[in-house]
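Survey of secondary and tertiary structure
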Amino acid sequence: MTEWPDLAGRLDAESHVLPVRVYYEDTDFTGIVYHGAYVRFFERARSDFLRLIGIHHKELADGDHGVSLAFAVRTMTLDFRKPARIDDILEVRTGLAEYRGARVRLDQRIYRDGELLVVADVTVAVITSEGRPTRLPQILADKLLAHMPDERPMD
């Protein structure tokens, strides 16, 4: 199978960037993106951010680094500022805000042509297959920490 590296977006100096096109299925009867669709866009971006830095969900689940692990969303706060519409090309930006123990906090933003549309503050917990919080293995924690910003916000 041929790999398409751009499917997972790209890493830049401040964050991970994932382009997303708005399809009919993402909208409600008014043609505006349904609020639940943004949650899916943010989830894709978080997964691809991790993939590009070398942390793979399948390897975690398979226990390739010890015990079976997963990321579980603990909290998510969304601020809807402006609507997106069908056929818009969006840019989902994901940045690491904090990593402490079993907790990872991410700042996520969705833009259209440089205009901020939606802001998400997401905290995920690293958990075992039994649902217990745990730390990432050090080799994976180091990959994550390599993307800790130097205290500047994304916007």
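Above this text is the structure in question.
Report on the accompanying structure. Treat the numbers as computed from the prediction; the structure is a model and nothing was measured.

1. A closer look at the environment of Val-33
Relative to the helices and strands, Val-33 resides in the loop between β2 (16-21) and α1 (35-53). Relative accessible area serves as the criterion here: at 6%, Val-33 is assigned to the buried category. Distance from Val-33 to Ile-127, taken between C-alpha atoms, is 32 Å for residues 94 residues apart in sequence. Those residues in contact with Val-33, other than ones at most four positions away along the chain, are Val-22, Asp-26, Thr-27, Tyr-38, Phe-41, Ala-84 and Arg-85.

2. Remarks on the side chain of Thr-128
By secondary structure assignment, the location of Thr-128 is in strand β6 (residues 115-128). Accessibility expressed as a relative area gives 13% for Thr-128, which makes it buried. Dropping the residues within four chain positions of it, Thr-128 is found in contact with Val-67, Ser-68, Leu-69 and Thr-134.

3. Overview of the packing of aromatic side chains
Here the structure, examined in full by the defined rule, presents 2 aromatic pairs. Ring geometry for Tyr-38 and Phe-41: centres 6.1 Å apart, planes at 85°, overall edge-to-face. Of this pair, Tyr-38 and Phe-41 both sit in helix α1, 3 residues apart, which is roughly one turn of that helix. You'll find Tyr-38 and Phe-41 in the same group, each marked buried.

Reading guide: rules and limits
- Residues numbered from 1 in each chain as written.
- Predicted model: local features only at pLDDT ≥ 70, side-chain atom pairs only at ≥ 80, totals over all residues.
- Heavy atoms only, no water.
- Helix = DSSP H or I, 4+ residues; strand = E, 2+ residues; numbered from the N terminus.
- Buried < 20%, exposed > 50% of the residue type's maximum accessible area, 1.4 Å probe, protein only.
- Contact = heavy atoms within 4.5 Å.
- Phe/Tyr/Trp six-rings, centres within 6.5 Å; stacked < 30°, edge-to-face > 60°.

Functional significance is not addressed by these values, which are geometric in nature.
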